[in-house]
Amino acid sequence: MNKDKKDIRALTKEQLRDFFVSEGDKAFRGNQVYEWLWQKSAHSFEAMTNISKETREMLEDNFVINHIRVDTMQRSNDGTIKNAVQLHDGLIVESVLIPTATRTTACVSSQVGCSLDCRFCATARLKRMRNLNPDEIYDQVVAIDNESRLYHNKPLSNIVFMGMGEPLMNYNNVLKAIDKITSDEGLGMSPKRIVVSTSGVPKMIKKMADDDVKFKLAVSLHSAIDEVRTSIMPFNATFPLADLREALEYWYAKTKNRITYEYVVWKGINDKRKDVDALVQFCKFAPSKVNLIEYNPIDDGEFQQANSDAITMYQKVLEANRITVTIRRSRGKDIDAACGQLANKS
């Protein structure tokens, strides 16, 4: 990477148009370059074939395109694909393509490492090195869309921000990336097909509501009892459940969008009737659904998947209280691509 040159994708379309005017060229040249950068995901100025050689050389002299590179790609027995993605500064994040019969979902990362300290998550064991830029998030989606078309014969249909990092701790860049992903000048995907998953940062959940975002919200909950949640997610001591609940009430009042709770049941941690009852109470203040997620071990055996009786109990009690519940089987476990397993072992 040349530190003297600006990454051209940091410029807005207007700034690109202004740049060309300042160079004595026509403003529409900026539109052409912008289309190459975003709609066509050009990796180099050389690829911009409808622009003159002299103009491409001038761009080369002034700018860089800090494109990601898929360093390694692993394919699971179940069709899941995990990418180790190298960034322009040599750091690596992971992203995952999750296929089902009807759709393909991209699970993308928003930080290198993570700011939070969830004890059951492999990513949390990596210190947060930096936030991803909007274009680095966008590039992960483009790479997975290409893989979806190549290996599953269909375009990418859904995106979840459940990869490495806490998206709300990189809020501005995540929002800019989603703007590009949903723009007709980018990938043109519907925001209703995008889920941003947070461990629960109350003031940022309220900010999302104030910003009138159109994507969906998921909360990585795992316990509705403060003491239990703090033991597995220590930052809960700073952002306790009462604050989270207040922020989620605010979210629902503003957006009228139901909330999804991601919830893993562990043996001896949150597998008792009192845990289910607390979850039911927490769900009742706003329309919600609960995804019960299979736990994926991260080597040391401290956390173990609860037995099937506990999962059945959760399902029955939630359904009896008219709360939508789904049981999510993990995919890509054989390549460490499942929920909570992304840790850059490569």
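Residues numbered from 1 in each chain as written. Predicted model: local features only at pLDDT ≥ 70, side-chain atom pairs only at ≥ 80, totals over all residues. Heavy atoms only, no water.

Caption draft 1: Region of the structure containing the UniProt feature "active site" (unreviewed entry) in the protein. In the numbering used here, UniProt assigns the "active site" (unreviewed entry) feature to Glu94 and Cys339. Mapped onto the secondary structure, Glu94 falls in strand 5 (residues 92-99). (UniProt positions renumbered as here; feature names shortened; annotations may be inferred. Helix = DSSP H or I, 4+ residues; strand = E, 2+ residues; numbered from the N terminus.)

Caption draft 2: Local environment of the domain arrangement of the protein. Parsing the protein into structural domains produces domain 1 (6-64) and domain 2 (69-335). Put simply, the middle of domain 1 and the middle of domain 2, counted by C-alpha atoms, are 35 Å apart. Roughly 810 Å² of surface becomes buried between domain 1 and domain 2 when both sides are summed, with 45% attributable to carbon and sulfur atoms. For the domain 1 face of the interface with domain 2, the top three residues by lost area are Arg9, Trp38 and Gln39, together amounting to 61%. We note a salt bridge from Glu185 to Lys13, for which the minimum N-O separation is 2.3 Å. Our count for the domain 1 to domain 2 interface comes out at 6 residue pairs in polar contact (both at pLDDT 80 or more). Its residues placed into classes, the side of domain 1 that touches domain 2 shows 2 nonpolar, 2 polar and 3 charged. (Domains from an automatic or database assignment. Buried area = accessible area lost by both parts, 1.4 Å probe. Salt bridge = Lys/Arg side-chain N within 4 Å of Asp/Glu carboxyl O. Polar contact = N/O pair within 3.5 Å; in protein donor to acceptor, adjacent residues only side chain to side chain. Nonpolar A, V, L, I, M, F, W, Y, C, P; charged D, E, K, R; others polar.)

Caption draft 3: Layout of helix 8 (residues 241-255). The terminal C-alpha atoms of helix 8, which comprises 15 residues, lie 20 Å apart, in line with the 21 Å expected from a rise of 1.5 Å per residue. Every buried residue of helix 8 is listed here: Leu241, Leu244, Ala247, Leu248, Trp251 and Thr255. Relative to the axis of helix 8, the buried residues are bounded by an arc of 125° and lie together on one face. What points out from helix 8, more than 90 degrees from its buried face, is the exposed set Ala242 and Ala253. Structurally, helix 8 contributes buried residues whose contacts are with helix 6 (202-210), strand 11 (216-220), helix 7 (226-232), strand 12 (259-264) and helix 9 (273-283). Note on helix 8: the residue one or two positions beyond its end, Lys256, has a positive phi of about 60°. (Expected span 1.5 Å × (residues − 1). Buried < 20%, exposed > 50% of the residue type's maximum accessible area, 1.4 Å probe, protein only. Arc of directions from axis to C-beta. Contact = heavy atoms within 4.5 Å.)

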